[in-house]
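# Architecture at a glance
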Number of protein chains: 2
Amino acid sequence: MARPRKFDEERALDAAMRVFWERGYEATSTQDLCDATGLGRSSIYNTFQSKHDLFERALAHYLDTMTAAQTAVLDDVERPAADRVRALLTQVVESEAECRIGSGRALGCLGVNTVVELAGRDPAAAAVLQRDTARRLAAYRAVLEQGRRDGSITASRDPEALARFLNATVAGLRVSSQGGADRTELEMIAQTAMDALAP
Amino acid sequence: MARPRKFDEERALDAAMRVFWERGYEATSTQDLCDATGLGRSSIYNTFQSKHDLFERALAHYLDTMTAAQTAVLDDVERPAADRVRALLTQVVESEAECRIGSGRALGCLGVNTVVELAGRDPAAAAVLQRDTARRLAAYRAVLEQGRRDGSITASRDPEALARFLNATVAGLRVSSQGGADRTELEMIAQTAMDALAP
DNA sequence: AAGGTATTGGAATAGACAGTACAGAACTGT
DNA sequence: ACAGTTCTGTACTGTCTATTCCAATACCTT
């Protein structure tokens, strides 16, 4: 029918996501997005409507990937639940150790970054984040309930509270990492957090 | 010798701090700062040199106040250390419940917000934050050591690790609150975190 | 090969941005 | 009262912002 796209939309979205992750929403200019994706202004606006729409899609893309990776770890039904939770925290520590900006600082998590930067004044972003948090909390609660049954997780607090705590711990790890904590320090935090979940 | 200031520098700094706290660094314009402080451009630039310098002072001002409030709670030598740590977490929960933006969302903590938004690409801000974190970690370690001695805090992990964990928990509470968690949910997190510190 | 349609690069737009220049106002010490 | 100095309101910079416009291009279908 007509002239086809010269670029891969998925790749462009991924590149945009990375810039937003590194610099945040406000500090990322449309020029930055052009540079990172290799696209011209027209192509970007033609494909993604606006900077804000692109950001929403990039955020959703990030959350999907990262939450999928988390649930993959948590769903390994062979191991005791506590092991899986421990593996989740290790994954978080690992990803913080890997994903670093030019200066050596950690990138943190685009989800946490966006909660902090935008959730208060951007209802659309807040809604996307809310949905992801609900999904992750459900996954956490599920493992923790299994742990309560297989005896690897404490039964003295209900799984809902433990799930919220786990979620806060993940955020705390992310912020600590962005604040300059190194791998061993993050490891200490993860280990200590596990004590609260132990039977 | 000459014309005196018509405004109180401390009050202006406080107003500027509040705007940065609510909107973040990038999203705050010099016009916003004029509106919030009630000052004209000239007065602001005359007194604070630049937006960035003003931000640094506002951040330092915030961290001083908030860390002072925390150490005040932690230094009450009469009570067992664990009680004081619990009081610290309650203070954090309380402040998150109080400080809310127009939409009802929590403000979080300007320190955490700045770690997330700027620490990776603003060495000056990163240095101010680093210093405050060190100071707070020292205060945490001190109480936790006292707790180890008075028996109210576990001796099975060293105070350094517990202090890092406590710091991460505070950040986690802040982010959870900005993410939409209400007071009782934050309370659950705080309670569960205390389990990791119990003997 | 021709017509129709979507994509593309580049220039243009209007407004916001941080920061400055300057002239006059307001105060103090003499 | 006056000189000296600092403050403050206004108007102004040049640069950057997100977004739009348009003409040229490239492709698919027929």
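Details of the structure are given in the entry above.
A brief report on the enclosed structure follows. Source: prediction; values computed, not measured.

What counts, and at which threshold
Residues numbered from 1 in each chain as written. Chains lettered and ligands numbered in written order. Predicted model: local features only at pLDDT ≥ 70, side-chain atom pairs only at ≥ 80, totals over all residues. Heavy atoms only, no water. Least-squares fit on C-alpha atoms with pLDDT ≥ 70 in both. Contact = heavy atoms within 4.5 Å. Salt bridge = Lys/Arg side-chain N within 4 Å of Asp/Glu carboxyl O. Helix = DSSP H or I, 4+ residues; strand = E, 2+ residues; numbered from the N terminus. Near = heavy atom within 4 Å. Polar contact = N/O pair within 3.5 Å; in protein donor to acceptor, adjacent residues only side chain to side chain. Nonpolar A, V, L, I, M, F, W, Y, C, P; charged D, E, K, R; others polar.

## Comments concerning the relation of the copies chain A and chain B
Rotating chain A by 180 degrees and translating it 0.0 Å along the rotation axis places it on chain B, where the RMSD comes to 0.1 Å. Both copies are brought into coincidence by an operation consistent with a two-fold rotation axis. Of the interface residues in chain A, 100% have counterparts in chain B that sit at the interface too, so the contact is made through matching surfaces.

## Considerations on the pattern of salt bridges
Residues and elements named next belong to chain A. For the structure shown, the criterion picks out 30 salt bridges over all chains. The shortest N-O distance in the salt bridge between arginine 121 and glutamate 26 comes to 3.2 Å. In this pair, arginine 121 is assigned in the loop between helix H6 (110–117) and helix H7 (123–150) and glutamate 26 in the loop between helix H1 (9–23) and helix H2 (30–37), connecting sequence segments 95 residues apart.

## A look at the protein's contact with DNA strand C
In the vicinity of DNA strand C, 24 residues are found, and the nearest of them are A:Ala2, A:Arg3, A:Ser42, B:Arg3 and B:Thr30. Here a base oxygen of DNA strand C and a side-chain polar atom of A:Ser42 are 2.6 Å apart. Here a phosphate oxygen of DNA strand C and a backbone polar atom of B:Lys51 are 3.0 Å apart. Put simply, the parts of the chain that give the surface near DNA strand C at least two residues each are helix H3 (41–48) of chain A together with helix H3 (41–48) of chain B. A per-element tally of the surface near DNA strand C places H3(A) first, with 4 residues. Of the residues belonging to the surface near DNA strand C, the class tally is 8 nonpolar, 9 polar and 7 charged.

## A word on the protein's contact with DNA strand D
As a structural note, the neighbourhood of DNA strand D is formed by 24 residues, with A:Arg3, A:Tyr45, B:Ala2, B:Arg3 and B:Ser42 the closest of them. Near-protein atoms of DNA strand D (within 4 Å) split between backbone and bases, with sugar and phosphate holding 64%. Those elements that place two or more of their residues in the surface near DNA strand D are H3 of chain A together with H3 of chain B. Here the surface near DNA strand D takes 4 residues from H3(B), the largest share from any one element. Looking at the surface near DNA strand D, its residues break down into 8 nonpolar, 9 polar and 7 charged.

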